[in-house]
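Coordinates in review
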Amino acid sequence: MELPRSTLIFWIFAPPLVIFYLYYTLQLHLLLPQLTGVNLRALLSGALQNAPEGDFGRQPFVRHIVAVGDLHGDLHNARKVLQFSGVIDNFGNWSGDVDFLVQTGDIIDRGDDTIALFDWMDQLRGQAAAVGGTVLSHLGNHEWMNAIGDWRYVYSTEIKTFGSVAERQKLITTGRIGRTWAVNYTTASRLPLHPSLGPPNTPFPPESKHLYHQKENVEFDISHYYDSHMPLSHSAISFVHGGLSPTYQDLTPFPTRINELSDSLLKKLQTRMPLPKPHPPEKYPGLPDGSTQAEQALYDSNGPVWYRGWALDSEEKVCADVEPVLARTGTRRMIMGHTPDFQNIQSRCDGKVIIIDTGISHAYGGILSALSIHYTLTPIGYDKEKRWMEKEVVSALYPDKQEILVVDEREVVGDFSTI
């Protein structure tokens, strides 16, 4: 039977026209997404990258942290560091390209930009919070020295930026710098790499665990601090200015106990009446009357403000001492400033100890640097298997290069909420 001429024409021309239309539409979405309102290339790429084999329900988690060490009154170099590390844009504002900025203390002394630096840090803090980012700030030994009245490293030119000695003293006690120290600065931080562990400074051990209430002088095998049912329990990093000494008596719960002591001591210093005249030229005022033994230990050479053992001890001793401290603090590595190396960020014991003070300020003439931490938790296999690949890449950033210090990767099994 012969087909009608119209039907024959339809089947000759219709299929090529349909194919042409589909091809044209696809190319339009791929090549000119701004005209169609749909970036199909991005959608396809994202789907292929994010969908694990056999599972389209779980989503990867990514966290990017940048940490910087001592800045010592040098706004110009601080801006350079935060710009090449991606924290700020060309105008000095929060870029939105990182999740956390951590500064480990010693913003003050040895330079003239004290007011500008503290104001800028608070500006970045507000800008970060507005887009879901966080700035974690720490009190270094030089902030503590100034709060005590020990002004040995204060330049006369810096005092002039405040107007007078009296105005400077007021601003760092009851004024806006002193207030931001009290509200926004801690002596120690525990930063979880994954939100299932809670927000920054969630204490370890958790309050629900019996270890939370144990005294520091009670000895435990470090295996007591790990839980096979919580494979991410130590997927966190500690930050402090000086260091967490293995013999420091108020280490846990971490960082809660240290920061309780820090808050109480700072309050006593800022509310002394009358405020002692600074040294020099006056006599060194010391800690205030009524300081507890634990508060005094916080500030001594074995406390988290001043301790230098992780930087100065032998590699053998550092690697032997580090594991119990990591176990007790619920962390996998510790990061600190305080003890400068003017050539490089120092990584010890396979990155379990990292010292990030490289003398950024022009007062030292060291090298500009920042530490970058990229963390990912990616689903693998099928949903019912609850398998994930955890990866952490730690890099030292310099103006002209990047050096990878650590690449840790392992498979973990469990349910990990990102709420």
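Report follows, based on the coordinates. It should be emphasised that the depicted structure is a prediction, and the values quoted were computed from it without experimental measurement.

Here the focus is the packing of aromatic side chains. For the coordinates displayed, the defined rule picks out six aromatic pairs. Consider the rings of F118 and W181, whose centres lie 5.8 Å apart with planes at 70°: the pair is edge-to-face. On the criterion of sequence distance, the pair formed by F118 in helix α5 (residues 114-130) and W181 in helix α9 (residues 176-184) is long-range, its members being 63 residues apart. The same class applies to F118 as to W181, namely buried. Three or more aromatic residues joined by ring pairs form one cluster here, namely F118, W181 and Y185. The positively charged end of R168 is found above the aromatic ring belonging to F162, 5.3 Å away from the centroid.

Within the secondary structure, H142 sits in helix α6 (residues 141-148). With a relative accessible area of 5%, H142 lands in the buried category. In this structure, H142 is in contact with H72, D106, I108, D109, R110 and Y153, ignoring residues within four places of it in sequence.

Glancing now at the pairing of strand β5 (residues 188-192). Counting buried residues along β5, five of its five residues qualify, which places the element largely inside the surrounding structure. Burial along β5 is two-sided: A188, R190 and P192 facing one way and S189 and L191 facing the other are all buried. Bridge count between β5 and strand β6 (residues 236-240): five bridges; the pairing is antiparallel. Residue A188 lies in a different strand from β6, and its bridge partner there is V240.

Bringing the packing of α6 against helix α10 (residues 256-270) into the picture now. Between α6 and α10, the shortest axis-to-axis distance is 9 Å and the interhelical angle comes to 35°. Both α6 and α10 take part in a crossing whose hand is left-handed. Contacts from W144, A147 and I148 of α6 reach α10 at S262, L265, L266 and L269. Taken together, the residues of the contact of α6 with α10 sort by class into six nonpolar, one polar and no charged.

Criteria and thresholds
- Residues numbered from 1 in each chain as written.
- Predicted model: local features only at pLDDT ≥ 70, side-chain atom pairs only at ≥ 80, totals over all residues.
- Heavy atoms only, no water.
- Phe/Tyr/Trp six-rings, centres within 6.5 Å; stacked < 30°, edge-to-face > 60°.
- Helix = DSSP H or I, 4+ residues; strand = E, 2+ residues; numbered from the N terminus.
- Buried < 20%, exposed > 50% of the residue type's maximum accessible area, 1.4 Å probe, protein only.
- Lys NZ or Arg CZ within 6 Å of the ring centre and 35° of its normal.
- Contact = heavy atoms within 4.5 Å.
- Pairing = 2+ DSSP bridges.
- Axes fitted to C-alpha atoms, helices over the stretch in contact; angles between N-to-C directions.
- Left-handed = near helix turned anticlockwise from the far one by under 90°.
- Nonpolar A, V, L, I, M, F, W, Y, C, P; charged D, E, K, R; others polar.

Interpretation note: all reported values are geometric properties and have no functional meaning in isolation.
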